[in-house]
Each structure stands twice: as C-alpha cells, then as structure tokens.
Amino acid sequence: MPALYVNGQTHTVPSAGSATLLHVLRNDLALNSPKYGCGLGECGACTVLVDGVAARACVIPAQGVAGRAITTLEGLQTPAGLHPVQQAFLDTQAAQCGYCLNGMVMMTVALLRHTPAPSDTEIRQQLSHNLCRCGTHLEILQAVHRAALLVAQAEGETSE
C-alpha cells in the first residue's frame, strides 16, 4: 500500500487495500471527525479535503488518494488554535447534534478558498448536498459569513 499523507503526516496503512478512505481514517488512523452517514457520498458527513478540494471519504478508495494531501477536521487546527472556520461555527453555535458539523466545516473551508466573501446563494449552493437533520440551517449560514470575516482577518494578519 502506498503511503497516505493525512494532516501533514505520512502514514502507511497495511489494511487499506480495498478499504474506503473513511474506513482508513476512522479505523486505522483514529481520526473520527469524518462520520459515516449514508455510505453513498450523498449526505456530506464524511467530507474531507483532498488536495484542498472537498471530497466524500465514504466513496473514495484509500488507494486512490495515496500521495495526495488529505485534510480532516482534526488537521485544520494549528498550534495557535482553531481554524477560523471552526471558531466561527463555535461562535455562532451552529451545531445542535453535531453529526453534520464535520461536513459543513470542511465544505465551508473549501468554499472560502475560492469564494472569500460568498453570498447567501453561494453558501446555500455549496452546502446544499450536506444534510442537517436538526434544522440549524440559519445558524450555519451565519457561521459561514462569520468564517469569511475571520479568514479575511487572519489572512490580513499574516500578510502584514
């Protein structure tokens, strides 16, 4: 099995043969933020970033992403603290049960990389395939707007 590059570290996972990326992340690497929701790539609970692009880990063969940069929710945090998107979701209390939270945060990170100041329509479009059964959609929308502000502030601090 070729090595997997997850959250900045290289891992050799002997059991990864035909396993999905989700299975390897959760069972072999003990990274539990990506959740098993539907197993079909439809609900978004298993979302990770592969080379910075949002991807559904439950339908991706682990072998298929060998050598590519995989980022999970755990990999967003830095020694300085939470990623601005994580902080925004906390600030706005945008979770109820939290099961969808991984996917919402990871999709928001991907969105803000290519659309730094998204409109409500762009946010809804980006998150439309991430299911939240608790109904915190308005709080999630607020969290994305707050995240855009926090990301812009963080980028402004690092460029100074």
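Residue indices begin from 1 for each chain and proceed along its sequence in written order. Restriction of local features to residues with pLDDT of at least 70 applies here, the model being predicted, together with a cutoff of 80 or more for giving and counting side-chain atom pairs; totals for whole chains, interfaces and linings are based on all residues. Neither water nor hydrogens contribute to the side-chain values; these are computed over all heavy atoms in the structure.

(A) How the structure looks around the packing of helix α3 (residues 84–91) against helix α4 (residues 101–114). Axis definition: a line fitted to C-alpha atoms, limited for helices to the stretch in contact. Angles are taken between N-to-C directions and run from 0 to 180 degrees. Under the DSSP-based scheme used, a helix requires at least four consecutive residues in state H or I and a strand at least two consecutive residues in state E, with every element numbered from the N terminus. Running from amino to carboxyl end, α3 crosses α4 at an angle of 130°, the nearest separation of the two axes being 9 Å. On the basis of the axis angle, α3 is oblique to α4. At the point where α3 passes α4, the crossing takes the right-handed sense. When α3 is examined against α4, the residues V85, Q86 and F89 are found in contact with a partner set consisting of L101, M104, V105, T108, V109 and L112. In these notes the angle categories are as follows: under 35 degrees is roughly parallel, over 145 is roughly antiparallel, 65 to 115 is roughly perpendicular, and the rest is oblique. Two helices crossing with the near one rotated counterclockwise from the far one by less than a right angle form a left-handed crossing, whereas a clockwise rotation gives a right-handed crossing. In what follows, residue pairs with any heavy atoms lying within 4.5 Å of each other are defined as contacts.

(B) Structural detail: α3. Categorising residues by exposure relies on relative accessible area from a 1.4 Å probe, with only protein chains included: less than 20% of the type maximum marks a residue as buried, more than 50% marks it as exposed, and the intermediate range marks it as partly exposed. Turning to α3, its buried residues are P84, V85, Q86, A88 and F89. Within two residues after α3, Q93 carries a phi angle of roughly 50°, on the positive side.

(C) Up close: the pattern of salt bridges. A side-chain nitrogen of Lys or Arg and a carboxyl oxygen of Asp or Glu constitute a salt bridge if their distance falls within 4 Å. The full count for this structure, using the stated rule, is 2 salt bridges. Put simply, D51 and R68 hold a salt bridge, and the shortest N to O gap is 2.8 Å. Remark: R68 occurs in the loop between β4 (53–56) and β5 (69–71) and D51 occurs in the loop between β3 (47–50) and β4; sequence separation between them is 17 residues. For R68, a relative accessible area of 35% corresponds to the partly exposed category. With a closest N to O distance of 2.9 Å, D91 and R146 form a salt bridge. You can see D91 sitting in helix α3 and its partner R146 sitting in helix α6 (residues 137–159), a full 55 residues away along the chain.

(D) Examining the sheet that holds β4 more closely. Taken in spatial order, the 5 strands line up as β2-β1-β5-β3-β4 in an open sheet, and their pairing is mixed. Either end of the sheet is taken by a strand with one partner, and the two such strands are β2 (9–11) and β4. For this sheet, the mean inter-axis angle between neighbouring strands, taken without regard to orientation, is 40°. Lying over the sheet, helix α1 (residues 21–28) contacts β1 (4–6), β3 and β5, oriented at roughly 65° with respect to β1. Paired strands, in this sense, are two strands between which DSSP finds at least two bridges.

(E) Structural detail: unusual backbone geometry. A positive phi angle is found at A30, which is not glycine, with a value near 55°. Topologically, A30 is positioned in the loop between α1 and β3. Judged by relative accessible area, which is 54%, A30 ranks as exposed. With a phi angle near 50°, Q93 is a residue other than glycine that sits in the positive phi range. Structurally, Q93 is set in the loop between α3 and α4.

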